[in-house]
Amino acid sequence: MTDTQSGTGLGSRLRILAVGRNPKRTLVRAAILALVCLVFFKFVLLPVRVEGFSMAPTYANHSVNFVNRLAYFWHEPHRGDVVGIRLNLPPTNGWSAPHIMYLKRVIGLPGESVQFVNGRVRVNGQALEEPYEKRPCDWNTDPVTLGSNEYFFVGDNRTMPKEEHTFGKTERSRIVGKAVL
Amino acid sequence: MKWPRLLLLALVVGLLAWAWVALHPSPEKLIRKQMDGLAHAASFGPNQGALAKLAGAENLANFFSTNVEIKIDIPGHQEHRLMSRSEIPQVAMGVRASVRSWSVAFPDVTVIVNAGQESAVADATLQVKIAGEPDMIVQEVNISLRKINGQWLIDKVETVRTLQ
């Protein structure tokens with residue numbers, strides 16, 4: 001009898017642990033939580049998988065990250081930020097998130113002139129300190145002057161020839177958000 | 001009127017609205033459908049027979065206008081320029097002969113329909129996965145479409161450098 005009672009007690013406790021005292025209420029809570037997670041990770045904090053080596057060693061190939069779409073709600077991107085950049089025109093209506101993005105670092109801000117001289121970035125003629133750049137390169141480019149709404153982006157891995165590395169300027173509206181990790 | 005009747009009425013109105021939208025799709029919806037069809041027609045699997053490959057290559061041309069202009073310039077790959085629809089099946093067969101499988105998708109598409117609703121531009125992310133290649137191709141493409149005989153056909157395809 002004691003055994004049966006203790007068995008029932010354990011089962012009851014397990015059931016409470018699994019579905020709560022009120023299963024209906026638990027179900028509603030779980031549904032709300034699932035909905036909030038779905039909206040949050042689809043529209044606000046986008047999970048991304050890094051493909052390729054252009055941001056190595058900061059981000060390894062196949063590593064996982066998140067892009068925060070609210071990061072630039074109150075302020076504009078800063079130099080050194082790693083951001084997601086969309087590869088299609090931003091939609092005119094709606095807030096749909098892209099499925100594929102470039103992950104690059106901001107090195108040039110609106111109005112500035114950006115140039116590579118012997119692998120060093122020069123912004124308005126001044127050498128830029130880049131502690132994240134662990135692998136030096138020998139790139140040389142002509143100066144690029146950014147418009148009032150343009151930023152300049154480059155990956156951290158500059159060991160490949162510059163023709164094989166995607167970098168350059170684009171408009172602010174293409175920035176999806178800031179990498180979180 | 002009791003609430004079950006109101007519910008039934010709301011359901012009927014909702015169904016009618018859905019049917020109206022389904023029967024009269026917007027140009028944007030038609031273009032997105034056309035892009036999905038194009039991606040499907042351009043893709044092929046490893047087990048496709050010779051006849052299916054030929055049919056697929058011929059079908060691909062149906063998405064384009066007669067005088068289509070295609071300029072594909074992807075860094076690290078050969079540049080391709082086509083100036084008419086008749087060249088498409090030949091190029092498609094060449095691709096089918098050279099790689100085992102080829103998967104095309106347009107995961108992100110922004111459609112801008114011009115005034116008059118007879119022409120449009122789709123700015124899209126092109127994603128190509130090739131069997132045996134470790135990295136997929138990802139490239140922005142700008143696609144101009146024109147409504148010809150009630151069907152949205154591709155008039156011009158051009159790759160775009162997202163970062164310049």
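If you're wondering where the values come from, they're calculated on a predicted model, not measured in any experiment.

Caption draft 1: Examining the overall build of chain A more closely. The secondary structure content of chain A amounts to 2 helices and 11 strands. When its helices and strands are written in sequence order, chain A yields α-α-β-β-β-β-β-β-β-β-β-β-β. Here the C-alpha atoms of chain A give a radius of gyration of 24 Å, more than 25% beyond the 16 Å that 2.2 N^0.38 yields for 181 residues. Scored against the burial criterion, the 181 residues of chain A give a buried share of 38%. If you take every contact in chain A between residues at least 6 apart in sequence, the share linking residues at least 24 apart comes to 60%. In the form shown here, chain A has an accessible surface area of approximately 10,800 Å², with 59% of it arising from carbon and sulfur atoms. Separation of charge centres in chain A, based on 23 positive and 15 negative side chains, amounts to 15 Å.

Caption draft 2: View of the interface of chain A and chain B. At the junction of the two partners, chain A supplies 21 residues and chain B supplies 17 residues. For the pairing of chain A and chain B, the buried interface totals around 1,600 Å² over both sides, and the portion due to carbon and sulfur atoms is 58%. When the buried area of chain A at its contact with chain B is split by residue, A:L87, A:N88 and A:I100 rank highest and sum to 35% of it. In this structure, A:R174 engages B:E140 in a salt bridge whose closest nitrogen and oxygen atoms are separated by 2.7 Å. Of all the elements in the fold, those that place two or more residues in the side of chain A that touches chain B are strand 3 (82–86), strand 4 (101–108) and strand 10 (168–171) of chain A.

Caption draft 3: How the structure looks around the packing of aromatic side chains. All names here are of chain A. With the rule as written, the count across this model stands at 8 aromatic pairs over all chains. Measuring from ring centre to ring centre gives 6.2 Å for F152 and F167, while their planes differ by 55 degrees; the resulting arrangement is tilted. Taken as a pair, F152 in strand 9 (residues 150–154) and F167 in the loop between strand 9 and strand 10 lie far apart in primary sequence, 15 residues in all. Here F152 and F167 have matching classes, each one buried.

Caption draft 4: Layout of helix 3 (residues 50–61) of chain B. Residue and element names in this part refer to chain B. With 12 residues, helix 3 extends 17 Å from end C-alpha to end C-alpha; this agrees with the ideal 16 Å at 1.5 Å per step. K53, G56, A57, L60 and A61 are the residues of helix 3 that are buried. Taken end-on, helix 3 shows its buried residues confined to a sector of 145 degrees, consistent with a single buried face. Considering only its buried residues, helix 3 is in contact with helix 2 (27–42), strand 1 (64–72) and helix 4 (88–98).

Caption draft 5: Representation of the sheet that holds strand 6 (residues 120–123) of chain A. If you walk across this open sheet you meet the 4 strands as 7-6-5-8 (chain A), and the pairing is antiparallel. Of all strands in the sheet, those bounded by a partner on one side alone are strand 7 (126–127) and strand 8 (144–145) of chain A.

Caption draft 6: Up close: the nonpolar core. B:F64, B:F106 and B:I143 are the most contacted members of the largest nonpolar core, which has 35 residues in total. Those elements giving two or more residues to this core turn out to be helix 2, helix 3, strand 1, helix 4, strand 3 (102–113), strand 4 (119–130), strand 5 (137–148) and strand 6 (151–160) of chain B. With sequence-adjacent residues up to four places away left out, B:F106 is seen in contact with B:M35, B:L38, B:A39, B:A124, B:T125, B:L126, B:V141 and B:I143. In this structure, A:L128, A:C137, A:W139 and A:V154 belong to the second largest nonpolar core, which totals 13 residues.

Caption draft 7: The arrangement of the packing of helix 2 of chain B against helix 3 of chain B in detail. Residue and element names in this part refer to chain B. Two numbers describe how helix 2 lies on helix 3: the axes approach to 9 Å, and their chain directions differ by 150 degrees. Between helix 2 and helix 3, the angle is such that the two are roughly antiparallel. In the crossing of helix 2 with helix 3, the sense of the turn from one axis to the other is left-handed. Facing L38, A41 and A42 of helix 2, the residues of helix 3 in contact are G56, N59 and L60. A breakdown of the residues in the contact of helix 2 with helix 3 according to their chemical character gives 4 nonpolar, 2 polar and no charged.

Caption draft 8: Summary view of the pairing of strand 3 of chain A. Residues and elements named next belong to chain A. Extensive coverage of strand 3 is indicated by the burial of 5 of its 5 residues. Across the two faces of strand 3 the burial is the same, with V82, G84 and R86 and V83 and I85 all buried. Pairing between strand 3 and strand 4: 5 bridges, direction antiparallel. Looking across to strand 4, one finds that R86 is bridged to M101. Relative to strand 11 (residues 175–179), strand 3 is paired through 3 bridges, and the arrangement is antiparallel. Note on strand 11: the bridge partner recorded for V83 is K178.

So, how was this worked out
- Residues numbered from 1 in each chain as written.
- Chains lettered and ligands numbered in written order.
- Predicted model: local features only at pLDDT ≥ 70, side-chain atom pairs only at ≥ 80, totals over all residues.
- Heavy atoms only, no water.
- Helix = DSSP H or I, 4+ residues; strand = E, 2+ residues; numbered from the N terminus.
- Rg over C-alpha atoms; globule rule 2.2 N^0.38 Å.
- Buried < 20%, exposed > 50% of the residue type's maximum accessible area, 1.4 Å probe, protein only.
- Contact = heavy atoms within 4.5 Å.
- Areas by Shrake-Rupley, 256 points an atom, 1.4 Å probe, with all protein chains shown as cover.
- Lys, Arg positive; Asp, Glu negative; His and termini not counted.
- Charge placed at Lys NZ, Arg CZ, Asp CG, Glu CD.
- Buried area = accessible area lost by both parts, 1.4 Å probe.
- Salt bridge = Lys/Arg side-chain N within 4 Å of Asp/Glu carboxyl O.
- Phe/Tyr/Trp six-rings, centres within 6.5 Å; stacked < 30°, edge-to-face > 60°.
- Expected span 1.5 Å × (residues − 1).
- Arc of directions from axis to C-beta.
- Pairing = 2+ DSSP bridges.
- Core = buried A, V, L, I, M, F, W, Y, C linked by side-chain atoms within 4.5 Å.
- Axes fitted to C-alpha atoms, helices over the stretch in contact; angles between N-to-C directions.
- Parallel < 35°, antiparallel > 145°, perpendicular 65-115°, else oblique.
- Left-handed = near helix turned anticlockwise from the far one by under 90°.
- Nonpolar A, V, L, I, M, F, W, Y, C, P; charged D, E, K, R; others polar.

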